[in-house]
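# Observations on chain architecture
Each chain is listed here by its residues.
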Amino acid sequence: MTAATGPAPPVIRIVGVTKVYRTGATYVRALGGVDLAVESGEMIAVMGASGSGKSTLLNIIGCLDTPTSGRYELDGRRVDRLSRNELADVRNRKLGFVFQGFNLLARTSALENVELPLLYDRSGRRGDTAALAGRALERVGLGNRLSHQPSELSGGQQQRVAIARALVTHPTLLLADEPTGNLDSHASAEIMALFQSLNDQGITLLVVTHDPNVAQFTKRLIELRDGRLIRDEPTRDRRRAMDAHLAAMA
Amino acid sequence: MRASRLVRVAAQSLRRNTMRTLLTMLGIVIGVAAVILTVAVGYGAQARIREQVLSLGTNLIVITPGAVAQAGVSLGAQTFNRLTVNDADKLAREGTTFSGVSPVTMTRAQIVGGAGNWRAAINGVSIAYQTIRDWPVQEGTFFSTDDLRARRKVAVLGQTVADNLFPDMNPVGQQVRLRNEPFTIVGVLSPKGQTASGADQDDVVLVPYTTAQARLSGATFIGQILVSAASPADIPAAQDELRAILRESHRLAKDESDDFTVRNQSDLAQAAQGTTQVMSLLLAAIASISLVVGGIGIMNIMLVSVTERTREIGIRLAVGARGSDVLTQFLVESVVMSLFGGLIGLAGGFAGAALLGHLTGWSTATPPSAWLIAVAFSALVGVFFGWYPARKAAHLDPIEALRHD
């Protein structure tokens, strides 16, 4: 970055976002005015009990859903009033998703799974998608598992394929929804160590979790209850996942 | 997504369920094969009929005695067979659009000579008959104008007659007896085959019509007058002209209807093809119903597939696929299935038609347009019946789809 044209915009700026669902005749307020700003390079844990609105917030941040009211800027661009197609393009270019259930395509090789987002790139800039996918898999330590199918990989490895898929488009923001929910503590620590190392390389991460042990590995912690932010503070007793991993090994 | 990738992705997901894909395709395979088979049989029959009618002669116009029915009442009863040799002469003399005119007297008689005896049609014709019917001699010559003028007792044998009376020798120069009159054989006609109605055209003896009238039947009325127009474009004009000449010759008043019937080759072909055409259309229509049933099979399976793969659709939407991408993917899948099925059906239909032709001796033929229509139609079936499931997939909500299990 040379000759900066001003301070870089925050990755996320959310002002007064609400979300109201209608179920039959009754209206349910899932989010009741949330303000949030996330700068580049942060690693944030979003916590809250089920029904607290954290999934709704994640869906809105992930451009899978639009807020009922309020303002959401992603990477300096308003995205709260976009059409379905525009949202799809934003997801493709700016966001990477990691899910609790991995969500890989079955009977499809790791390489082809990671290639998937590149196939939907409309800019036409992507050249050799297979090479890009291969590099992303190397980055998560699976350079030797390119042709394996999900069923031939362990849970931790599957989640790393999913992370490679999220990284392959070089997104502005990586969103993880309970990324260790289906993993044992061993694999969990491995995945969190990977997240920390990616964060060290400058990737902005937002991890939704209800597990305080996972939250420990982040830099900032926010908590929702009844659709409102009730806590937003730097993580206390922050740990390196690699240490925890080594401790578990010992 | 680029086209090659679309097809690759579609092929990939179809391969994951090979058995189901094959069974779904089977509907289209059977549908297209059935259509091709019926078209092949129908088209083959029609091509054969057309060929046979065309083999009757060049730019042929046939005049037969008797009027066509008018308002359901035949007016020809009293005027039956008023065609005469004079009519033919007048046509040959006055016509400007004809390249040939020949009367045809018709009788049947026992032919004695050579290896024994044989009963066949004896037709009295003029020299022009040979060119009108486009019927060259294989051996010897046709009779000459001199023969005609002098009413000489000469005959030209059809192939069937020659084969039966002279199985081992050249009949040219030999004698046969027709109604106890000795005739010298001057030539043998080349084989002509069957008519559209199955009659053997080669079972005939041609003699000069003058001789036939003087020596054989004695009748002055004749069964047919054959006229050939100068060119295919002249046929309508020639028909008008010969009607005018014949009406004058028969002294018909303006309000009287024709006492003869004029038909050209396409009339004959149409009349002969009428029934086959209706039959083959009917068969093809029944066959295409199975194509529609095959299409419904595709729709059914695609709907199941969309439900089964809801999560996959969710994943694709989450990583940035647009609704149109998902729509295209599922459409391509159904089109690949129907198109592949169509191609296999096409091959199957061809093989079936060839086998049927081989076993039954029917002539079968498929016009190239039938291949194109079959392939295009099966692709269309894929689009038509794939549209609804694909649209359903494209309109899924990504959040709901990701939560689906």
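What comes next concerns the included structure. (Residues numbered from 1 in each chain as written. Chains lettered and ligands numbered in written order. Predicted model: local features only at pLDDT ≥ 70, side-chain atom pairs only at ≥ 80, totals over all residues.)

## Here's the deal with the overall build of chain B
Going by this rule: Strands are runs of DSSP state E lasting at least two residues, helices are runs of H or I lasting at least four, and both sets are numbered from the N terminus onward. A radius of gyration in this sense is built from C-alpha atoms; the matching globule rule multiplies 2.2 Å by the number of residues raised to 0.38. Any residue with 12 or fewer other C-beta atoms within 10 Å of its own C-beta is exposed, any with 20 or more is buried, and the rest are partly exposed; the C-beta atoms used are placed from the backbone. For the purpose of contact definition, each residue receives a C-beta atom placed from its backbone, and two residues are in contact when these atoms lie within 7 Å.
Secondary structure summary: chain B contains 13 helices and 12 strands in total. Whereas a compact globule of 405 residues would reach a radius of gyration of roughly 22 Å, chain B reaches 33 Å, over 25% beyond that. On the principal axes, the C-alpha backbone points of chain B span a range of 105 × 60 × 35 Å. Counting only residues that meet the buried cut, chain B has 41% of its 405 residues in that class. Look at the contacts in chain B between residues 6 or more apart in sequence, and 83% of them connect residues 24 or more apart.

## Description of the pairing of strand S7 (residues 154-157) of chain B
Residues and elements named next belong to chain B. So the rule is basically this: Strand pairing is defined by DSSP finding a minimum of two bridges between the two strands.
Burial along S7 is two-sided: the face carrying Val154 and Val156 and the face carrying Ala155 and Leu157 are both buried. In this sheet, strand S9 (residues 181-189) lies alongside S7 in parallel orientation, the contact comprising four bridges. For Leu157, the partnering residue across the bridge sits in S9 and is Val188. Note that S7 and strand S10 (residues 204-208) share two bridges and pair antiparallel. Paired with Val156 across the two strands is Leu206, which belongs to S10.

## Structural notes on the environment of Gln159(A)
All names here are of chain A. Looking at the element boundaries, Gln159 is found in helix H5 (residues 155-167). On the neighbour-count criterion, Gln159 (29 C-beta atoms within 10 Å) is buried. Discounting residues that sit within four places of it in the chain, Gln159 has contacts with Val98, Phe102, Pro179, Leu183 and Ile191.

## Comments concerning the sheet that holds strand S1 (residues 12-23) of chain A
Residue and element names in this part refer to chain A. Here four strands make up an open sheet; going across it, the order is S2-S1-S4-S5 and the pairing antiparallel. What marks the edges here is a single partner per strand, and that holds for strand S2 (26-38) and strand S5 (77-78). In the sheet, S1 pairs with strand S4 (residues 69-74) via five bridges, with the strands oriented antiparallel. Bridged to Ile12 within S4 is Leu74.

## With respect to the environment of Leu23(B)
Residues and elements named next belong to chain B. Relative to the elements of secondary structure, Leu23 occurs in helix H2 (residues 18-54). You can call Leu23 exposed: it has 12 C-beta atoms within 10 Å. In this structure the C-alpha to C-alpha distance between Leu23 and Gly341, which are 318 residues apart in sequence, comes to 9.9 Å.

## Overview of the nonpolar core
For clarity, the cut-off: Each nonpolar core comprises buried Ala, Val, Leu, Ile, Met, Phe, Trp, Tyr and Cys residues, the members being joined through C-beta atoms within 7 Å.
Of all hydrophobic cores here, the largest spans 175 residues; its most connected members are Val46(A), Val114(A), Ala164(A), Ile36(B), Ala155(B), Val205(B) and Val227(B). The biggest single contributor to this core is H2(B), with 17 residues. Ignoring any residue separated from it by four or fewer positions in sequence, one finds Val227(B) in contact with Ile61(B), Ile63(B), Leu91(B), Phe98(B), Val101(B), Ala238(B) and Leu242(B).

The values reported here are purely geometric and, on their own, carry no functional implication.
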